[in-house]
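Coordinates in review
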Amino acid sequence: MELPAREILSLFLPGEMSPGIEPLGNGHINDTFLVRLSDGCKYVLQRLNQKVFKDTNAVMHNYKLLENNFLNNVDVSLPGVYRSVNNNLLEFDKHGNPWRLIEFVEYAYSLDHIVKKEQSYQAGFGYGAFLKGCAKCPVGEFQEVIPEFHNLKWRMQQLDLAVEQDNANRLSAVTDLVSFYRNQYVRLNGLIAVLNSREIPVRIVHNDTKINNLMYRGEQVRAVVDLDTVGPGSVIYDFGDAIRTIANSSDEDEQELGNVAFNMDFFKAFAQGYLSQTKDMLTDTEKFHLWQAPLYMTLIMGVRFLTDYLNGDIYYKTEYESHNLVRTRVQSKLIASMETNYHPIKTIVEQMLTDNQ
Ligand code: GN1
Ligand code: MG
């Protein structure tokens, strides 16, 4: 392990002579490490990506605000964050990178994709409990750490710009995808209008509800992690982004597009779990538009991966040259597969929302 991690760690855990430090998880933005101490205690050490989180103090401000206001009568917990010997939540290395130490969720595991319905129900239950837990968070006191994060119109404009500039000379290989996303975008005018008009309320939401941000213990979801994006948003974002990875029978970067399909059973189980926790708190407008959330968020992610591909891979971590291309193709295939299922998707959500159970 490179030196800064050890130096930084001594500010959070002074006196620890030789802790084990190894990479942890599959995040695309921050660098995350598992720290093992000689007495068996474990921690999560993270270097925040400042290119993405430009105001890391705002990130930590939100983190504490969430911690202080998250309801303790819900069925999921959140990992706590530790202070250093200097009483700081963040410590900076000599390159100016911010680091922090977070609680490790013991005896738990995360999934990169769902293989059975019960896991999907649990995922819905977990993210639903998270939304419920945020119900008393003071929305106005949270900061928007990444402006326009889930603003689809802005994401489309970023794509237009990337197409125009074609910085990495990759446009000719993806013109089909650009047209595909532009055509899908038109379908969402109604939803975009209600989001902009605030008819859909701004709530404190997670904003990054992919499957691997949930921790399972045994068969149950016990904790929600990766809290940097928690802040003002909409239930549309959390419900939709979760479906994007949970109702997809393959990984986000599946190479074989034939394996990518919208799994209706997983969708149904997720929605059941989610609505079991949130149904009573949702407004009529939220309920009315919920069924379009999966398209909204899958389109955003498809557009973001494509934009990054065209820009020459400057945002997401990639492991090979066409990684962002593979990711965006998976999103487009998933949208195509959802498209043939809109009627049942809508009906299932409507039924669950009217059932008195
Ligand atoms: C990033 O950090 P990670 O891997 O959980 C991204 C999300 C995307 C996701 C796609 C701050 O999340 O918005 O949905 O990749 N986070 C940020 O896998 O951009
Ligand atoms: Mg994240």
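An account of the accompanying structure is given in this report. (Residues numbered from 1 in each chain as written. Chains lettered and ligands numbered in written order. Predicted model: local features only at pLDDT ≥ 70, side-chain atom pairs only at ≥ 80, totals over all residues. Heavy atoms only, no water.)

**What to know about the packing of aromatic side chains**
Each pair of aromatic rings is reported with the distance of its centres and the angle of its planes. Note the cut-off: Two aromatic rings from Phe, Tyr or Trp, using only the six-membered ring of Trp, form a pair when their centres are within 6.5 Å; if the ring planes differ by under 30 degrees the pair is stacked, by over 60 it is edge-to-face, and anything between is tilted. A run of DSSP states H or I qualifies as a helix once it reaches four residues; a run of E qualifies as a strand once it reaches two. Both are numbered from the N-terminal end. Accessible area is worked out with a 1.4 Å probe on protein chains only. A residue is then buried under 20% of its type maximum, exposed over 50%, and partly exposed in between.
In the structure shown here, the tally under the stated rule is 14 aromatic pairs. Aromatic side chains F70 and F130 sit 5.7 Å apart centroid to centroid with 35 degrees between the ring planes, which places their arrangement in the tilted category. Placement of F70 in the loop between α2 (56-69) and β4 (91-92) and of F130 in helix α3 (residues 117-133) is noted, with a sequence separation of 60 residues between them. The two residues F70 and F130 agree in class, both being buried. Between the aromatic rings of W291 and Y342, the centroid separation amounts to 5.8 Å while the plane-to-plane angle is 75 degrees, which identifies the pairing as edge-to-face. Of this pair, W291 sits in the loop between α9 (284-289) and α10 (293-311) while Y342 sits in helix α12 (residues 342-354); the two residues are 51 residues apart in sequence, bridging distant segments of the chain. Each member of the pair, W291 together with Y342, is buried.

**Some words on the packing of helix α5 (residues 175-186) against α10**
Quick reminder of the rule: Whenever a helix is involved, its axis is fitted only over the stretch in contact; in every case the axis is a line through C-alpha atoms, and angles between N-to-C directions fall within 0 to 180 degrees. What sets the label is the angle itself: under 35 degrees gives roughly parallel, over 145 gives roughly antiparallel, 65 to 115 gives roughly perpendicular, and the rest give oblique. Note on convention: near helix rotated counterclockwise from far helix by under a right angle means a left-handed crossing. Clockwise means right-handed. Any two residues whose heavy atoms approach within 4.5 Å at even a single point are treated as in contact.
Axis separation between α5 and α10 bottoms out at 11 Å; the angle between their running directions is 150 degrees. If you check the angle between α5 and α10, you find them roughly antiparallel. As α5 runs across α10, the sense of the crossing is left-handed. Taking contact as the criterion, the partners of L177, V178, Y181, Q184 and Y185 in α5 are, on α10, L295, L299, G302, V303 and L306.

**As for the pattern of salt bridges**
Put simply, the test is: We count a salt bridge whenever a side-chain nitrogen from Lys or Arg sits within 4 Å of a carboxyl oxygen from Asp or Glu.
All told, the structure shown has 16 salt bridges when counted by the stated rule. Among the ionic pairs, D313 bridges to R170, the shortest N-O distance being 3.2 Å. Placement of the pair is D313 in the loop between α10 and α11 (323-339) and R170 in the loop between α4 (152-165) and α5, with a sequence separation of 143 residues. This pair shows no difference in class: D313 is buried, exactly as R170 is. Of the charged contacts, one joins R244 and E252 as a salt bridge, the two residues approaching to 2.9 Å between their closest N and O atoms. Taken together, the salt bridges that share partners define one network made up of D31, R47 and K317.

**Thoughts on the coordination of the magnesium ion (ligand 2)**
Test applied: For Na, K and Ca the donor cut-off is 3.2 Å, while for other metals it is 2.8 Å, and in both cases only N, O and S atoms qualify; water is not among them, so sites may look incomplete.
Summarising the metal site, the magnesium ion (ligand 2) is bound by the protein donors D208 (OD) and D226 (OD), whose distances to it range over 2.3 to 2.4 Å. With a gap of 18 residues between them, D208 in the loop between β6 (203-205) and β7 (214-217) and D226 in the loop between β8 (220-224) and β9 (231-233) connect regions that are remote in the sequence.

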